[in-house]
Amino acid sequence: MNNHEAQEAQEALRRAHEAVVQGSRAGVRPWWYPVGLGLSVAFALGSFAVPWLTATGVVLGGILIPVALEAMARRSSGASPAKTYFAPGFRVPAAVFVVLGGGLCATALILLKTSGNTAFVLIAAVFLGIVTSVCTWGISRYRRSGHIARAAR
């Protein structure tokens, strides 16, 4: 057996591992992305507190601003990380966001409908913005740490 072939194989594996690590880090969003996304969804939910702003707020905060943020993040990082939201390391933050975000929105809108008090929506909007930012930051931190690369080995 030739020892030279083993060294070449190890070098090829090392280069492949470095490529996986580099690819996972390329998908990391910039620092401003979680904050911007949190503010946009908070704006979308908070717009229910102002009757004439509801439709515009939902379209802007729930659709247009997140799409624009994603495009700007892709442009700055050079990669589209959207494919990994349900990868093994991202399932927990994504599930936490869906459960807490859905619960906050549903509770706030039910309380708005039953009581007519807009304070519930505004408080829930702040909490939704925080939950969105924290979950998005957690996913970005996980990407940055290179856990994807370790899982790919």
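Everything below is about the structure printed above this text.
Remember, it's a predicted structure, so these values are computed and weren't measured experimentally.

A.B. asks: Is there a simple way to explain the overall build of the chain in this structure?
C.D. replies: Summing up its helical and strand segments, the chain has six helices and zero strands in all. For the chain, the proportion of its 153 residues judged to be buried stands at 33%. Entry remark: accessible area of the chain is about 9,400 Å², with carbon and sulfur atoms responsible for 70%.

A.B. asks: For this particular structure, what's the right way to read helix α2 (residues 32-46)?
C.D. replies: An α-helix turns once every 3.6 residues. As a result, residues three or four positions apart point the same way. For α2, spanning 15 residues, the distance from its first C-alpha to its last is 21 Å, which sits close to the expected 21 Å at 1.5 Å a residue. The element α2 is largely enclosed, with a buried count of 11 among its 15 residues. Y33, P34, G36, L37, G38, S40, V41, A42, A44, L45 and G46 are the residues of α2 that are buried.

A.B. asks: Any chance you could explain the environment of F48 here in plain terms?
C.D. replies: Along the chain, F48 turns up in the loop between α2 and α3 (54-77). Here F48 falls in the partly exposed class, since its relative accessible area comes to 29%. When the C-alpha atoms of F48 and A108 are compared, they prove to be 9.5 Å apart, with 60 residues separating the residues in sequence.

A.B. asks: Just checking my understanding: could you explain the side chain of S133 for this structure?
C.D. replies: Looking at the secondary structure, you find S133 in helix α5 (residues 119-145). When its relative accessible area of 18% is taken as the criterion, S133 is described as buried. Once residues within four sequence positions are removed from consideration, S133 is found in contact with P34, V35 and G38.

A.B. asks: So what exactly am I meant to see when it comes to the nonpolar core here?
C.D. replies: Residues V41, A42, L45, A49, A108, L112, V121, A124, A125 and L128 constitute the largest nonpolar core, which totals 10 residues. Contributions of two or more residues to this core are made by α2, α4 (91-115) and α5. No other element matches α5, which puts four residues into this core. Sequence-distant contacts of L45, that is, excluding residues within four places in its chain, are made with C105, L109, V121, A124, A125 and L128.

A.B. asks: Would you mind going over a nonpolar patch on the surface with me for this structure?
C.D. replies: On the surface, F43, V59, L60, I63, L64, I65 and V67 cluster together into a nonpolar patch covering about 560 Å² of accessible area. A per-element tally of the nonpolar patch places α3 first, with six residues. As for its placement among the helices and strands, F43 is situated in helix α2.

A.B. asks: When you look at α4 in this model, what are you seeing that I'm missing?
C.D. replies: With 25 residues, α4 should reach 36 Å at 1.5 Å per residue; the first-to-last C-alpha distance of 35 Å fits that figure. Every buried residue of α4 is listed here: P93, A94, G101, A108 and L112. Positive phi appears at G116, one or two residues downstream of α4, with a value of about 80°.

A.B. asks: I tried to follow the packing of α2 against α3 on my own but got confused; where do I start?
C.D. replies: Relative placement of two packed helices is described by the angle separating their axes and the distance separating the axes. Their axes nearest at 7 Å, the elements α2 and α3 cross at an angle of 170°. Classified by the angle their axes make, α2 and α3 are roughly antiparallel. For the pair α2 and α3, the contacting residues are W32, Y33, G36, L37, S40, V41, F43 and A44 in the first and G57, V58, L60, G61, G62, I65, P66, L69, E70, M72, A73 and S76 in the second. Here the contact of α2 with α3 is composed, by residue class, of 13 nonpolar, six polar and one charged.

Reading the values: rules and limits
Residues numbered from 1 in each chain as written. Predicted model: local features only at pLDDT ≥ 70, side-chain atom pairs only at ≥ 80, totals over all residues. Heavy atoms only, no water. Helix = DSSP H or I, 4+ residues; strand = E, 2+ residues; numbered from the N terminus. Buried < 20%, exposed > 50% of the residue type's maximum accessible area, 1.4 Å probe, protein only. Areas by Shrake-Rupley, 256 points an atom, 1.4 Å probe, with all protein chains shown as cover. Expected span 1.5 Å × (residues − 1). Contact = heavy atoms within 4.5 Å. Core = buried A, V, L, I, M, F, W, Y, C linked by side-chain atoms within 4.5 Å. Patch = residues over 30% accessible without salt bridge, like charges linked within 9 Å, V, L, I, M, F, W, Y side chains within 5 Å. Salt bridge = Lys/Arg side-chain N within 4 Å of Asp/Glu carboxyl O. Axes fitted to C-alpha atoms, helices over the stretch in contact; angles between N-to-C directions. Parallel < 35°, antiparallel > 145°, perpendicular 65-115°, else oblique. Nonpolar A, V, L, I, M, F, W, Y, C, P; charged D, E, K, R; others polar.

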